[in-house]
Amino acid sequence: MSDRHHISQHFETLAIHAGNTADPLTGAVVPPIYQVSTYKQDGVGGLRGGYEYSRSANPTRTALEENLAALEGGRRGLAFASGLAAEDALLRTLLSPGDHVVIPNDAYGGTFRLFAKVVSRWGVEWSVADTSDPSAVRAAITPKTKAVWVETPSNPLLGITDIAAVAQVAHDAGARLVVDNTFATPYLQQPLALGADVVVHSLTKYMGGHSDVVGGALIVSDQTLGEELAYHQNAMGAVAGPFDSWLVLRGTKTLAVRMDRHSENATRIADMLSRHARVTRVLYPGLPEHPGHETAAKQMKAFGGMVSFQVTGGEEAAVEVCNRAKVFTLGESLGGVESLIEHPGRMTHASAAGSALEVPADLVRLSVGIENVDDLLEDLQQALG
């Protein structure tokens, strides 16, 4: 455990110092990249610092995991090779064949694919509920339900779930609540403090923040569950590498200032889109007319950098808006400093076509970056025509 782990309760200070102990050999203020597979032991079973093999533990990954735990207010953080690797390890830790999970009616396409095409073949059952309605979650729970899965804000429709309310529903049924906090990040929202049992992140997105790394994470407040997850992390092996861990650790240091700018820019863009003649609907929890606005205002510090909207003219018009953008880069993923635009139905959420999670064909999703907002507004206006 870093001697700076509890240096402050202020997020910005924790982000810079938690897990970031100066190198004892040189005094380097940035943790080294321990690009190593194995470690010399001080006699058989005499592990120096607890390290024996980098699948099991690596000092650079340890630094990141301590940082993530501190930022989410958890007791244990675990870093993985991707967000889906983290989700897979979590599901195989929590579930056995015959168990049941409640999943949201709006979620990342890769998460849906994991449930629909992979986990279901293992004998795990799942059903869909509108998690913005706690009564709908309660109705979807069965005696076999072991977990309730939530994204808030959700991807790509920016739905909002009352974490505390759904946590109570899950716990009343003896199930755990899992919250994907990728869109909000721990700077804007802390699910564990609101009653969640597990927080999931795609570190690829805002936590890394620079579109140069792929990673995932799980953070928990229960020590026993943390140990069970660590066992599966090691047994299954999809761990974050040292360089990837170093890149994410660099990214979390600027998370607060980046999220402030993402949120400010997205608010301006959502306001402009809500007044544009070619836009039929804007999905952004910061807008007062958003159905989840009051809940989001209660559990989030700000409303984030993701904006989705629907356009007149249907699917082809939405695709054309994506193709006409110039400052916004046409691409999948999100959360980088650069602004991205995409058509979810044909790109990130194609795997949900024909299911209860299918997204509207006229939907465009924006990951609003930290560029000058006037340039972003001008680009969207010309793309909309």
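Nothing here was measured: the structure is a model prediction, and the numbers come from that model.

## Brief notes about helix H10 (residues 255–274)
Counted at 1.5 Å a residue, the expected span for H10 with its 20 residues is 28 Å, and the 28 Å between its end C-alpha atoms agrees. Residues Leu255, Ala256, Arg258, Met259, His262, Ser263, Asn265, Ala266, Ile269, Ala270, Met272 and Leu273 constitute the buried set of H10.

## Details of the sheet that holds strand E1 (residues 76–80)
Taken in spatial order, the seven strands make up an open sheet running E1-E7-E6-E5-E4-E2-E3, and their pairing is mixed. Edge positions in the sheet fall to E1 and strand E3 (125–129), since each has one partner strand and no second. Across the sheet, the axes of successive neighbouring strands diverge by a mean angle of 20°, strand direction being ignored. Alignment of strand E6 (residues 198–202) against strand E7 (residues 216–220), held across five bridges, turns out to be antiparallel.

## Observations concerning helix H12 (residues 314–324)
Within the span of H12, buried status applies to Ala317, Ala318, Val319, Val321 and Cys322. If you follow the buried residues of H12, they end up packed against strand E9 (306–311), strand E10 (329–330), strand E11 (340–342), strand E12 (363–367) and helix H13 (373–384).

## Observations regarding the nonpolar core
One finds Ile269, Leu273, Val282, Val307, Phe309 and Leu366 to be the most contacted residues of the largest nonpolar core, which totals 68 residues. It is H10 that contributes the most residues to this core, eight residues altogether. Beyond its immediate chain neighbours, meaning those up to four positions away, valine 307 contacts Leu158, Ala266, Ala270, Leu273, Val282, Leu283, Tyr284, Val364, Arg365, Leu366 and Val368. The next biggest cluster of nonpolar side chains, apart from the first, holds 29 residues, and it includes Phe80, Val101, Val124 and Val178.

Criteria and cut-off values
- Residues numbered from 1 in each chain as written.
- Predicted model: local features only at pLDDT ≥ 70, side-chain atom pairs only at ≥ 80, totals over all residues.
- Heavy atoms only, no water.
- Helix = DSSP H or I, 4+ residues; strand = E, 2+ residues; numbered from the N terminus.
- Expected span 1.5 Å × (residues − 1).
- Buried < 20%, exposed > 50% of the residue type's maximum accessible area, 1.4 Å probe, protein only.
- Pairing = 2+ DSSP bridges.
- Axes fitted to C-alpha atoms, helices over the stretch in contact; angles between N-to-C directions.
- Contact = heavy atoms within 4.5 Å.
- Core = buried A, V, L, I, M, F, W, Y, C linked by side-chain atoms within 4.5 Å.

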